[in-house]
Amino acid sequence: ALSDLVTIDVNQNGVADVRLNRPDKYNALSPDMFDAITEAGESLIDDSSIRAVVLSGNGRGFCAGLDFSSFQSMAGDGEVEIIKRRESNRVPGNSAQQIGMVWKLVPVPVIAALHGVSFGGGFQLAMGPDIRIAAPDARFSIMEIKWGIIPDCSITQTLRDLVSLDVAKELTFTGRTFEGNEALQLGIVTQVSDSPLEAAIELAETIATKSPDAVRYSKQLFETTWHGERDESLKLEQTLQHKLIGSPNQVEAVQSNFEERPAQYKDPD
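Residues numbered from 1 in each chain as written. Predicted model: local features only at pLDDT ≥ 70, side-chain atom pairs only at ≥ 80, totals over all residues. Heavy atoms only, no water.

Quick look at the packing of aromatic side chains now. Scanning the model with the defined rule gives 4 aromatic pairs in all. Taking the centre distance of 6.4 Å and the plane angle of 85° together, the rings of Phe-123 and Phe-140 count as edge-to-face. With Phe-123 in helix H5 (residues 121-127) and Phe-140 in strand E7 (residues 139-141), this pair connects stretches of sequence that are 17 residues apart. Exposure class is identical for Phe-123 and Phe-140. Each is buried. Centre to centre, the rings of Phe-123 and Phe-178 are 6.5 Å apart; their planes meet at 75°, and the pair counts as edge-to-face. (Phe/Tyr/Trp six-rings, centres within 6.5 Å; stacked < 30°, edge-to-face > 60°. Helix = DSSP H or I, 4+ residues; strand = E, 2+ residues; numbered from the N terminus. Buried < 20%, exposed > 50% of the residue type's maximum accessible area, 1.4 Å probe, protein only.)

Here is the structure:
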């Protein structure tokens, strides 16, 4: 079943622990795996109880990229069909692109915990979340050039916000492998940790203690304005702030600070 390929566990604080679960194949991207990843992300979009998401891979690493058996058929005659899924009308792009894009549509922060390899499509999947925490010995590669193709799993919408154009080109032209510390230096990952999953969960738990409305609006603000027009972006700051001020969770944020107690937030509408 698709659900077995990606598991989701939500704890009592509203932190969703999402795991790629094809460890025998290094979480490689088969047609069913593409579907399962996007469907897992989609299932979190409308859930008002979710406060943050951690995305990681079970087994030896995050994701080795496209399932190699697909490439063996590519060497034969004709086109290999990796795109199988009914197109989602919610997530932009085709099914190979949606695995990265869906995490931008999840309204709460998504933190990727990266160990082992993130290669090719697996690299691009890792670029979709808001924040990345990697092991120092985690390995990365925009590997498509090895197979004579371009990266086409939504890289154009993600990598542009992390690295400069020359770095994106050099990594794509060479397909070279680099590790966690260089990824940090390049801006591809946010932090390096010896225990990336623990660090990601800890960060998610911290975010889960904040006003869920303000956290969601913060993500919406940046996703909408980062490549937006000046006047519309300034207006969105004002509009979202106006909605927050005086709302129940905002009042609770202020009161809990003055009363020096943990805040008791309600799920957003």
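Bringing the pairing of strand E2 (residues 15-20) into the picture now. Counting buried residues along E2, 5 of its 6 residues qualify, which places the element largely inside the surrounding structure. Two strands pair when backbone bridges link them, and strand E1 (residues 6-10) and E2 are joined in this way by 5 bridges, in the antiparallel orientation. Looking across to E2, one finds that Val-10 is bridged to Ala-16. Hairpin connection from E1 to E2: 4 residues lie between these consecutive antiparallel strands, with Gly-14 at a positive phi of about 85°. The sheet contact formed by E2 and strand E3 (residues 52-57) spans 6 bridges and is parallel. The residue of E3 that forms the bridge with Arg-19 is Ser-56. This β-α-β element, E2 to helix H2 (residues 31-45) to E3, shows right-handed connectivity. (Pairing = 2+ DSSP bridges. Right-handed = clockwise from strand over helix to strand, strands pointing away.)

Rolled over the atoms, a probe sized like a water molecule indicates the empty space that remains. Approximately 680 Å³ is the volume attributed to the largest pocket. As for the largest pocket, its lining consists of 23 residues, and the residues nearest its centre are Lys-104, Asp-130, Lys-219, Phe-222 and Glu-223. Elements with a minimum of two residues in the lining of the largest pocket: helix H4 (95-105), strand E6 (131-134), helix H6 (155-158) and helix H10 (212-225). Among the elements that line the lining of the largest pocket, the one with the most residues is H10, at 6 residues. (1 Å grid on protein atoms, 1.4 Å probe; cavity = no way out; pocket = protein on both sides within 12 Å on 5 of 7 lines; lining within 4 Å. Points joined across faces, edges and corners; volume = space filled by probe spheres on them.)

Right, let's get into H4. Counting buried residues along H4, 9 of its 11 residues qualify, which places the element largely inside the surrounding structure. For H4, the set of buried residues is Ser-95, Ala-96, Gln-98, Ile-99, Gly-100, Met-101, Val-102, Trp-103 and Lys-104. In this structure Asn-94 caps H4, since a side-chain oxygen of it lies 2.9 Å from the backbone nitrogen of Ala-96. (Polar contact = N/O pair within 3.5 Å; in protein donor to acceptor, adjacent residues only side chain to side chain.)

What follows covers the sheet that holds strand E9 (residues 191-192). Reading across the sheet, the 6 strands line up as E1-E2-E3-E4-E6-E9 and stay open at both edges, with mixed pairing between neighbours. One side of each edge strand has no neighbouring strand; the edge strands of this open sheet are E1 and E9.

A few words now on the nonpolar core. Judged by nonpolar contacts, the single largest core of 50 residues is most densely connected at Leu-20, Ile-37, Val-53, Trp-103, Phe-140, Leu-159 and Ile-188. Those elements that place two or more of their residues in this core are E2, H2, E3, H4, strand E4 (110-114), H5, helix H7 (165-174) and helix H8 (180-186). In terms of residues, this core owes the most to one element, H2, which gives 7 residues. With near-sequence residues (within four places) excluded, Leu-20 lies in contact with Leu-5, Val-6, Asn-27, Met-33, Ile-37, Leu-55, Ser-56, Gly-57, Asn-58, Phe-62, Cys-63 and Leu-125. (Core = buried A, V, L, I, M, F, W, Y, C linked by side-chain atoms within 4.5 Å. Contact = heavy atoms within 4.5 Å.)

By the secondary structure assignment, Arg-60 is in the loop between E3 and helix H3 (68-74). Considering only alpha carbons, one finds Arg-60 and Tyr-26, 34 residues apart in sequence, at a separation of 6.6 Å.

Turning next to the packing of H10 against helix H11 (residues 230-244). Closest axis-to-axis distance for the H10/H11 pair is 10 Å, and the angle between their directions is 170°. The angle between H10 and H11 places the two elements in the roughly antiparallel class. Of H11, the residues touching H10 (which contributes Asp-213, Ala-214, Tyr-217, Gln-220, Leu-221, Thr-224 and Thr-225) are Ser-233, Leu-236, Glu-237, Leu-240, Lys-243 and Leu-244. Class assignment of the residues belonging to the contact of H10 with H11 gives a composition of 6 nonpolar, 4 polar and 3 charged. (Axes fitted to C-alpha atoms, helices over the stretch in contact; angles between N-to-C directions. Parallel < 35°, antiparallel > 145°, perpendicular 65-115°, else oblique. Nonpolar A, V, L, I, M, F, W, Y, C, P; charged D, E, K, R; others polar.)

Everything listed here is a matter of coordinates, which is why it stays silent on function.
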